[in-house]
Amino acid sequence: MRHVVTAFGGCIILIVLLAAIFAPLVAPHDPFAQDLMQRMIPPEWMDGGSPAHPFGTDQLGRDYLSRLLFGARISMAIGIFTVITSGFIGITLGVLGGYFGGRVDDVVMFMITCRLSIPLILVALTVVALVGSSLTVVILTLGLLLWERFAVVSRTTTMQVRNLDYIAAARAAGASRLHIMLREVLPNIVSPLIVVATLEMALAILLEAALSFLGLGVPPPLPSWGLMIAEGKDYMFFSPWVIMIPGIALFVLVLGINLLGDGLRDSLHAGRA
Amino acid sequence: MTCVVELRDVRREFRAPQRVVHAVDGVSFTLAEGDVLGIVGESGCGKSTLARVILGLIPPTGGEVLVDGRSLASMDRRERARLIQPVFQDPFSSLNPRHRVRDIVRLPLAAQGDIPAAKQRDRVMQMLERVGISAEMAERRPAQLSGGQRQRVAIARALVLHPRIVVCDEPTSALDVSVQAQILNLLAELRRDLGLTYLFISHNLAVVEHIATDVAVMYLGRFVEQAPVDALFRDPRHPYTRALLASVLTPEPELGIPDVGLGESYPDPANIPPGCRFHPRCPMAEERCGREAPDGIVRHGRLVECLLA
Amino acid sequence: MTPILEAANLRVTFGTGVAAVRGISLGVARGETHCLVGESGCGKSVTALAIMGLLARTAQRSSDVLRFDDYDLMRMSEREMSRVRGDKLAMIFQEPMTSLNPAYTIGSQMAEVLERHRRVSRAAALDRAAELLARVGITAPGMRLKQYPHQLSGGLRQRVMISMALMCEPELLIADEPTTALDVTVQAQILRLLQSLQRELGLALLLITHDLGIVARMADRVSVMYAGEIVESAPTAALFSAPSHPYTRGLLRCIPVPGSVRRDEPLGSIPGVVPRIAPGFVGCAFRDRCDHAIPDCARVVPRKSAAPGHDYLCRLDAA
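Residues numbered from 1 in each chain as written. Chains lettered and ligands numbered in written order. Predicted model: local features only at pLDDT ≥ 70, side-chain atom pairs only at ≥ 80, totals over all residues.

Draft legend 1. The overall build of chain A, seen in detail. Broken down by element type, chain A carries 10 helices and zero strands. Reading the secondary structure of chain A in the N-to-C direction produces α-α-α-α-α-α-α-α-α-α. For chain A, the spread of C-alpha atoms along the principal axes amounts to about 75 × 50 × 30 Å. Among the 273 residues that make up chain A, the fraction classed as buried is 45%. Nonlocal contacts in chain A, meaning residues at least 24 apart in sequence, comprise 71% of its contacts between residues at least 6 apart. (Helix = DSSP H or I, 4+ residues; strand = E, 2+ residues; numbered from the N terminus. Buried ≥ 20, exposed ≤ 12 C-beta atoms within 10 Å, placed from the backbone. Contact = placed C-beta atoms within 7 Å.)

Written out as structure tokens, the structure is:
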């Protein structure tokens, strides 16, 4: 049962990833093409829908399915690149602090505490005010801010591993500290970090949606799912599909990531025991 | 007689809030080439800390360690690795579970930085064969090996650089009895064949008697007795040594359990008693034992730190 | 006098397909010390857990007879077992640090045992606890009762475990490697304590260990276990003077005795490793490591008698 659920999560992610990669080939229309004559057409399965626009159109007449598919690119890009950035920062800090202890660890802990005290929205506001909003800005902002869980988990696991005899043996063998951290410690702390990565990915995607909803994230006319929800909120009661479709897409993607992460954590635990 | 290892009043403290733990509290000895110094002692005596200081893994807070006349602290990691290597107690945690056996044994060679890859491979396979690990097992990961096999791998790793000194910290304590002897026999053979010098730490007196040339008994951070092995076992002088020997339960059914007479208090390296550090537990203690410390008393060529010996 | 503990053909198989215990039979007489000796993986700890009913639910336990005093242990529910455990049937484990709950004081853990089984007040239970701590040689018991496990040394903790096991005056104490984690000087003290308690209380002791030295000095009877079976069972003196099973002989050869160690000879050892047995295994489990194995050893092995009360599981005659 566990395996089915995990595989299901994996499939969802795969589908979204494929949609993101092949969006230009699969999307029926240009996601930016506006046609005010075709605005607010409902999805195909509702009254008034048409097969030309399977998911309907938005308030500017843009095809919703196309926007959804291109929006997948944004969500996946956010998810992947943010995790790479925050992972790199967090793991480096955590391993350094956990391995060296003492003052180095004090500095790392201080940095983590500072990071935890920073309100994300405020930073996003400031950054946007200074630099303007774009996909790159969002990725960098989130990547530079979302590393604390990586740091905490790397630090704790490094501290556990550091006292094991094989680390002492590696030091006695004359290995350099860099070698020990990269080749002796890191492979042994990877499993919980994979789980953290999936959690952070889901978090990053949701945060981007939230930021875009607030106007602090990806700028229009990019088809970020969060932005689509923001733009559709005025039509919530009469044309609910405008916010429901991107909302469901977000939910499904994050669900998939969480299911995969859960499954990975369980199977990695079982592998150990 | 070349003196391979020399310790001069080595001390190591650990500071915790409101406590100072004197793990090693003034240890001095010399080891000649080919000697096996067996260090026996119970928990809290500091033998594992001493091992790590000698290996260069933690610096001493006092005194110095000399190898071949040179101070250990002055050597860089590579030079130190060429001279001293460890074999640890727990075969489950002394090998990196993510690496294959051949890579584990190759690490000391790779860390030297100047040995060509092909030569590394050859020496690894040679050493593995010597300790009884097949080429097929070399491709496996530690989880697929038994405790005895893992310990053999640990020995191969320790010897692959042909060090002068091997520090064995309870190398057989975590193994089954029937396997312990295999490993001990292997260690003895290798010592003869490769001309090694061992520091052999164990709480098992019989094992130490079998492999050591000299024995030191450690208590609360110091050697309280040190003598050649036969002399120590036949004629133990320090009350603690006698208590230790008396506590060993040999498989002789008629003898029952001995009353060692040590009392209930336990040794705490953060609270070393004044005077003779053993006096609170000593069945022979006199009043002056609580005042005078019997440091470094040598009698008849043997070290016995006891005012009454 | 019927034995206080009797097991016949006890089997334990784990869900993973490992046959940990493969049909063992043993009996412990009242007031007797019976040692179950073997190396890691032989199934001795699993046997103890099977007797106590403490196996995981995925383990399958079966036995023709599993009787403690008047209780049929195979038929009892978990609830009935929990009434017997800690009361007449007590157990102490190897690692006193993990057997004691670090979050509670010694006093409250000990008192809880008596409160649960005998319905006495906390004050009465603490009195009894203090009495027992003194009995096991702990000074200032009142102070100790208020301490937490981490404040005590290993030897003290094990003494606390023993006194906790004695709170309800058990008739049988199962001790699983009680001194393995302790220093050798402390071990001697703890074992002496167990012996004197036994004599005083008429307590039967099932002592599980891998240390033949302990066996020789403590046991009245010995059962040697290998790969889930009892390969030899005898009174202690007979086992050491006339070991009949090749594994027992091998084990005895492996043990160096201080004072009579011959440095010129290598230590005795048994080549190979203890096998993992899947259900359906037939024949002698020791055959791959035995010097005297013959092809017939792959068939069902008979249980032979070397002397009255001394039997062993081997095809060969004890030389």
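Now that the structure has been shown, the text picks up again.
Draft legend 2. Region of the structure containing the overall build of chain C. Scanning chain C from N- to C-terminus turns up 11 helices and 13 strands. Across its three principal axes, chain C shows a C-alpha extent of roughly 65 × 50 × 40 Å. Out of the 319 residues in chain C, the part that is buried amounts to 47%. At a minimum sequence separation of 6, the contacts of chain C that also span at least 24 residues come to 64%.

Draft legend 3. How the structure looks around the interface of chain C and chain B. Counting residues at the interface gives 42 residues for chain C and 37 residues for chain B. Where the side of chain C that touches chain B is concerned, the elements lending two or more residues are α7 (154-165), α8 (184-201), α9 (212-218), α10 (236-241) and α11 (246-254) of chain C. Here the element with the most residues in the side of chain C that touches chain B is α8(C); it accounts for seven residues. Partitioned by chemical class, the residues of the side of chain C that touches chain B number 21 nonpolar, 16 polar and five charged. (Nonpolar A, V, L, I, M, F, W, Y, C, P; charged D, E, K, R; others polar.)

Draft legend 4. Layout of unusual backbone geometry. A cis amide bond links A:Pro220 with the next residue in sequence, A:Pro221, at an omega value of 5 degrees. Structurally, the position occupied by A:Pro221 is in the loop between α8 (177-213) and α9 (225-232). Positive phi outside glycine occurs at B:Glu170, with the angle close to 50 degrees. Relative to the elements of secondary structure, B:Glu170 occurs in the loop between β7 (165-169) and α7 (177-194). The residue C:Asn9 is not glycine, and still its phi comes out positive at about 60 degrees. In this structure, C:Asn9 sits in strand β1 (residues 5-13). Judged by local crowding, C:Asn9 falls into the partly exposed class, with 13 C-beta atoms found within 10 Å.

Draft legend 5. Fine view of helix α3 (residues 101-112) of chain B. Within α3(B), nine of the 12 residues are buried, which leaves the element mostly enclosed by the surrounding structure. Within the sequence span of α3(B), burial applies to B:Val101, B:Arg102, B:Ile104, B:Val105, B:Arg106, B:Leu107, B:Pro108, B:Leu109 and B:Ala111. Buried residues in α3(B) make contact with α7 (165-172) of chain A together with α2 (77-83), α4 (117-131), α5 (135-138) and α6 (147-159) of chain B. Once α3(B) ends, the next one or two residues include B:Gly113, with phi positive near 85 degrees.

Draft legend 6. Structural detail: the interface of chain A and chain B. Across the boundary between the two partners, chain A contributes 14 residues, which contact 21 residues of chain B. Sorting the residues of the side of chain A that touches chain B by element identifies α7 and α8 of chain A as the ones contributing at least two each. In terms of residue count, α7(A) provides more of the side of chain A that touches chain B than any other element does, seven residues in total. Across the side of chain A that touches chain B, the residue classes tally to nine nonpolar, two polar and three charged.

Draft legend 7. Just the sheet that holds strand β5 (residues 70-71) of chain B, in detail. Residues and elements named next belong to chain B. Taken in spatial order, the four strands line up as β2-β1-β4-β5 in an open sheet, and their pairing is antiparallel. Unpaired on one side and paired on the other, β2 (19-32) and β5 mark the two borders of the sheet. Of the pairings in the sheet, the one linking strand β1 (residues 3-16) to strand β4 (residues 62-67) comprises five bridges and is antiparallel in character. The residue bridging Val5 from the neighbouring strand is Val67, located in β4. Docked against the sheet, helix α1 (residues 47-54) engages β1, β2 and β4, running at close to 60 degrees with respect to β2. (Pairing = 2+ DSSP bridges. Axes fitted to C-alpha atoms, helices over the stretch in contact; angles between N-to-C directions.)

Draft legend 8. Just the arrangement of the chains, in detail. No other pair among the two pairs of chains in contact exceeds the contact count of chains B and C. Between chain A and chain C there is no contact; the minimum C-alpha to C-alpha separation amounts to 13 Å.

Draft legend 9. Layout of the packing of helix α4 (residues 106-118) of chain C against α7(C). Residues and elements named next belong to chain C. At a minimum axis separation of 9 Å, α4 and α7 run at an interaxial angle of 25 degrees. As the angle between them shows, α4 and α7 are arranged roughly parallel. Here α4 runs over α7; the crossing is right-handed. Contact residues: α4 offers Ile106, Gln109, Met110 and Val113, while α7 offers Val160, Ser163 and Met164. (Parallel < 35°, antiparallel > 145°, perpendicular 65-115°, else oblique. Left-handed = near helix turned anticlockwise from the far one by under 90°.)

Draft legend 10. The arrangement of the environment of B:Asp169 in detail. Residues and elements named next belong to chain B. Within the fold, Asp169 resides in strand β7. Looking at Asp169, the number of C-beta atoms within 10 Å reads 24, which means it is buried. For the pair Asp169 and Arg70, spaced 99 residues apart in sequence, the C-alpha separation works out to 23 Å. Ignoring any residue separated from it by four or fewer positions in sequence, one finds Asp169 in contact with Ser48, Ala51, Pro86, Phe88, Gln89 and Ile201.

Draft legend 11. The arrangement of the environment of C:Phe286 in detail. Residues and elements named next belong to chain C. Mapped onto the elements of the fold, Phe286 is located in the loop between α11 and β12 (303-307). Overall, the presence of 25 C-beta atoms within 10 Å leaves Phe286 in the buried class. With 87 residues separating them in the primary sequence, Phe286 and Arg199 have C-alpha atoms 37 Å apart. Those residues in contact with Phe286 that sit more than four places away from it in its chain are Tyr226, Val231, Pro246 and Tyr247.

Draft legend 12. Main features of the confidence of the model for chain A. With 98% of its residues at a pLDDT of at least 70, chain A reaches an overall mean of 88. When mean pLDDT is taken per element in chain A, helix α6 (residues 148-162) of chain A scores highest with 95 and helix α10 (residues 241-272) of chain A scores lowest with 83. (pLDDT = per-residue confidence, 0-100.)

Draft legend 13. Just the sheet that holds β12(C), in detail. Residue and element names in this part refer to chain C. Strand order in this open sheet of eight strands is β7-β8-β9-β3-β10-β11-β13-β12, and the pairing throughout is mixed. Looking at which strands have only one partner, the edges of the open sheet turn out to be β7 (89-92) and β12. Averaged over all pairs of adjacent strands, the angle between their axes in this sheet comes to 20 degrees, without regard to strand direction. In this sheet, strand β13 (residues 310-313) lies alongside β12 in antiparallel orientation, the contact comprising four bridges. Pairing of Ala307 across the sheet is with His310, part of β13. The strands that α7 touches are β7 and β8 (172-176); relative to β7, the one it contacts most, it runs at about 170 degrees.

Draft legend 14. Spotlight on the pairing of β7(C). Residue and element names in this part refer to chain C. In β7, alternate side chains face the same way, and those of Leu89 and Met91 on one face and Ala90 and Ile92 on the other are all buried. Here four bridges tie β7 to β8, and the two strands are oriented parallel to one another. Among the inter-strand pairings, Ile92 is bridged to a residue of β8, identified as Ala175.

Draft legend 15. Quick look at α8(A). All names here are of chain A. Here α8 is 37 residues long, yet its end C-alpha atoms lie only 46 Å apart, well below the 54 Å a rise of 1.5 Å per residue gives. At Leu186, α8 shows its maximal kink, close to 55 degrees; a proline, Pro187, follows between one and four residues later. Two residues or fewer past α8, Gly215 is found with a positive phi of approximately 85 degrees. (Expected span 1.5 Å × (residues − 1). Bend = angle between axes of the 7 residues up to and from the residue.)

Draft legend 16. Molecular detail of the packing of helix α10 (residues 239-247) of chain B against α8(C). Where α10(B) meets α8(C), the axes come as close as 8 Å, and the angle between the chain directions of the two elements is 55 degrees. With respect to their mutual orientation, α10(B) and α8(C) come out oblique. For the crossing formed where α10(B) meets α8(C), the hand is left-handed. Of α8(C), the residues touching α10(B) (which contributes B:Ala243, B:Leu244 and B:Ser247) are C:Val184, C:Thr185, C:Gln187 and C:Ala188. Class assignment of the residues belonging to the contact of α10(B) with α8(C) gives a composition of four nonpolar, three polar and no charged.

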